[in-house]
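Analysis of the macromolecular model
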Amino acid sequence: MRMIRFVGTLLLVICFSAKADCQSAPTRSASQPRELPSSVSTISALSPPSLIVLITIDQFRDDYLDRFGTQLRGGLARFARGGAWFTNAHQDHAITETAPGHATLLAGRFPRSTGIMANRIGVDDPAAPILGNDAVAGASPKRFQGTTLVDWLRAKDPRSRALSVSRKDRAAILPIGRSQADVYWYVGGRFTTSRYYRDTLPDWVNRFNARRMPQNLAGKSWTLLLPDSAYKEPDSVSFEMNGRNFLFPHRFPDDSAAAAGAAIASPFLDEIELDLALDGLTALSLGRAPQTDVLSISLSATDAIGHGYGQDSREMHDNVLRLDRSLGAFIDSLFKLRDSTRIAFALTADHGVATIPELVPGSVKPTPVRVNLADLETSLRAAITAAKLDTNLVTLDHQIVLVNRDLAAVTDRTRALDNALSLFAVRARLLPGVARVDRFQDLLRGDTINDPIARRWAHQFPATSNVELVIMLTPFSLFSEGLAANHGSPYDYDTHVPLIFAGPWFAPGRYSEFARTVDLAPTLAEIAGVKPSEKLDGVVLRRALK
Ligand SMILES: [Zn+2]
């Protein structure tokens, strides 16, 4: 069984870096993480990498690395102990969701500039059908604006290639931007792409799918990697999974198609995806120099597990341990295929996550609640109808109210519309769980340097956007959506993510200065010797450079 074989891989002693490094460190045991290579000759360090590997973990809190630190010994351990780790790094925008978070990474720009301002403004595109699956919406980067590191690399050397894989379409597509590249995600139990990129799947992807790795989970179970005593979290917490299936072991259905679906909320789909990335690296000859290629891997299991079981769960603990091991095995394999001293790594996340509201300590006041705005939305629409305006002028999308003021019908009814919105804001502020309701334009005039909330909203939308109101819940409160835990707020627990660089270009250590995920792209561009082709929000994190 895959999970059992996986434990076995841990015990293998595999070279981490160049052969010489392995021979010089023969006494290290497999239980001690060996470092990502950080010191090579000056000539080597100064020349651009032949491969940039971006690893994004969906919904990964920065504090997981220390929380589980003593039990980490694979890939996460290598990043935490051997990388240049910015420990106060943030997705410094307000709507901390998957699509806007991923779009910042290789663009070096905030959502207001990438155009990907929320999941809702993501990658759905009926004009780009999914290969081999007409039942789901097509996907493309058509709403992404501007360029990314991939474009800057190609401007320098058109031979630069990019491969991006994820379970999620938006997490595979958005880091790359609008570039044509090899971009694959998981649909209906197999990895595929859309017609934006290709008309047929390449042989190597077909061969990978034919192995039916997700389907082969049928009848198997997700069990604990370590003995029970290694986990201090109680397993029996009925708030997890809304009271269903919250105890180990988690058995996959006997039906193979159902098992391939259930794989999404287990650590094993990440493991499978990392195998896909290695197959793609080989098939596409990535990282063979002289150009710099990009391999983007976004791992989504942590997000599904976090939403279902919460960040304090035994499931999350085990998931992080398994992710650590699978990332370690991935890096080992990568270093067998390519020269470890020519590879630059960046590890980050698209957002964090809040504690399940019902599990927040009683000392936190006001007590977090789940907020439902349905009644308020109904009364807002009634007020707009009473003002003889079309209710379609106004959209309530979770924490934002958008108003289309461009329509001629509004011009002579502006006061009535404003009154309806003001009444909505007054009522919303009275709702338990709502901390504040602001006019977006007022936030732009606020102290965007020292007030992180105002700043994060200012980074979210262009000043010219039609966002009228933004609704902030109290800390740890959530909008009711049926999920045990969620993210999406401008609070630090949702914005704080790991930002770790590794490879010979970076000076290992912990850097406590404030950093943003928009700094990732310019920093990678710097070591790759390329210039961004547009103005960025991010800056080069020079302290981490050798
Ligand atoms: Zn999520």
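Computed from a predicted model, the values in this text were never measured in an experiment. In every chain, residue numbers begin from 1 and rise along the written sequence. Only residues with pLDDT of 70 or above have their local features reported here, since the model is predicted, and side-chain atom pairs are shown and tallied only from 80 upward, although totals for entire chains, interfaces and linings are computed over all residues. To get the side-chain values, take all heavy atoms of the structure and skip hydrogens and water.

1. A few points about the layout of surface pockets
- Using a 1 Å grid laid over the protein atoms alone, points where a 1.4 Å probe fits but cannot get out form a cavity; open sets with protein on both sides within 12 Å along at least 5 of 7 lines form a pocket; any residue with an atom within 4 Å of a point counts as lining. Grid points are joined across faces, edges and corners, and a volume is the space filled by probe spheres set on the points. In this structure, the largest pocket occupies an estimated 490 Å³ of space.
- Along its surface, the largest pocket is lined by 33 residues, and Glu97, Glu481, Asn486, His487 and Gly488 are the ones closest to its centre.
- Going through the elements one at a time, helix H13 (301–309), strand S14 (467–473), strand S15 (478–479) and helix H20 (492–495) are the ones with two or more residues in the lining of the largest pocket.
- A run of H or I in DSSP becomes a helix once it reaches four residues, and a run of E becomes a strand once it reaches two; helices and strands are each numbered from the N terminus. Counting residues per element, the lining of the largest pocket draws most heavily on S14, which supplies three residues.
- Three residue categories are used. Nonpolar comprises Ala, Val, Leu, Ile, Met, Phe, Trp, Tyr, Cys and Pro, charged comprises Asp, Glu, Lys and Arg, and polar comprises the others, including Gly. For the lining of the largest pocket, the residue count by class is 14 nonpolar, 11 polar and eight charged.

2. Observations concerning the packing of aromatic side chains
- To pair, rings of Phe, Tyr and Trp, with the six-membered ring standing in for Trp, must have centres within 6.5 Å; the planes then decide the type, stacked if under 30 degrees apart, edge-to-face if over 60, and tilted in the middle. Counted according to the given criterion, the structure contains 19 aromatic pairs.
- Taking 6.1 Å as the distance between ring centres and 70 degrees as the angle between the ring planes, the aromatic pair formed by Phe191 and Phe208 counts as edge-to-face. Of the two residues, Phe191 sits in strand S5 (residues 190–192) while Phe208 sits in helix H10 (residues 203–210), which places them 17 residues apart along the sequence. Comparing Phe191 with Phe208, the two get one shared label, buried.
- One aromatic cluster is present, formed by Phe86, Phe501, Phe506 and Tyr511 through successive ring pairs. Relative accessible area decides the class of each residue, using a 1.4 Å probe on protein chains only: under 20% of the type maximum gives buried, over 50% gives exposed, and in between gives partly exposed.

3. Focus: the confidence of the model for the chain
- Per-residue confidence from the predictor is reported as pLDDT, a score between 0 and 100. Here the chain shows a mean pLDDT of 90. Residues at 70 or above account for 91%.
- Across residues 1–31, where pLDDT falls below 50, the model places 47 contacts with residues more than four positions away in sequence or in other chains.
- The contact rule is simple, with two residues in contact once any of their heavy atoms fall within 4.5 Å. In this model, residues 40–45 is a region of pLDDT below 50 whose contacts with residues beyond four sequence positions or in other chains number eight contacts.

4. Section: the pattern of salt bridges
- For this analysis, a salt bridge means a side-chain nitrogen from Lys or Arg found within 4 Å of a carboxyl oxygen belonging to Asp or Glu. Applying the stated criterion across every chain yields a total of 34 salt bridges.
- The salt bridge involving Arg161 is made with Asp182; its shortest N-O contact spans 3.9 Å. Highlighted residues: Arg161 in the loop between helix H8 (149–156) and strand S3 (162–166) and Asp182 in strand S4 (residues 182–187), separated in sequence by 21 residues.
- By relative accessible area, Arg161 is classed as partly exposed at 35%.
- Linking Arg314 and Asp228 is a salt bridge whose minimum nitrogen-to-oxygen distance equals 4.0 Å. Here Arg314, found in helix H14 (residues 314–337), pairs with Asp228, found in the loop between strand S6 (221–222) and strand S7 (250–251); they are 86 residues apart in sequence, far enough to count as distant.
- Overall, Arg314 belongs to the buried group, its relative accessible area being 11%.
- By relative accessible area, Asp228 is classed as exposed at 53%.
- Through salt bridges that share partners, Arg61, Asp63, Arg67 and Asp312 make up one connected network.

5. Quick look at the coordination of the zinc ion
- Only nitrogen, oxygen and sulfur atoms qualify as donors, provided they sit within 2.8 Å of the metal or within 3.2 Å for Na, K and Ca; with water excluded from the atoms, sites may seem incomplete. Protein-derived ligands of the zinc ion are Asp303 (OD), Asp303 (OD), His307 (NE2) and His487 (NE2), with the metal-ligand distances lying across 2.0 to 2.7 Å.
- Between 85 and 135 degrees for all angles marks four donors as tetrahedral; over 155 degrees for opposite donors together with 65 to 115 for all other angles marks four donors as square planar and six as octahedral; every other arrangement is irregular. The coordination sphere of the zinc ion comprises four donor atoms, whose angles at the metal cover 52 to 156 degrees; the geometry is irregular.
- In the primary structure, the donors to the zinc ion are separated according to the pattern D-x3-H-x179-H. One end of the pair, His307, is in helix H13; the other, His487, is in the loop between S15 and H20, and 180 residues separate them in sequence. The same class applies to His307 and to His487, which are both buried.

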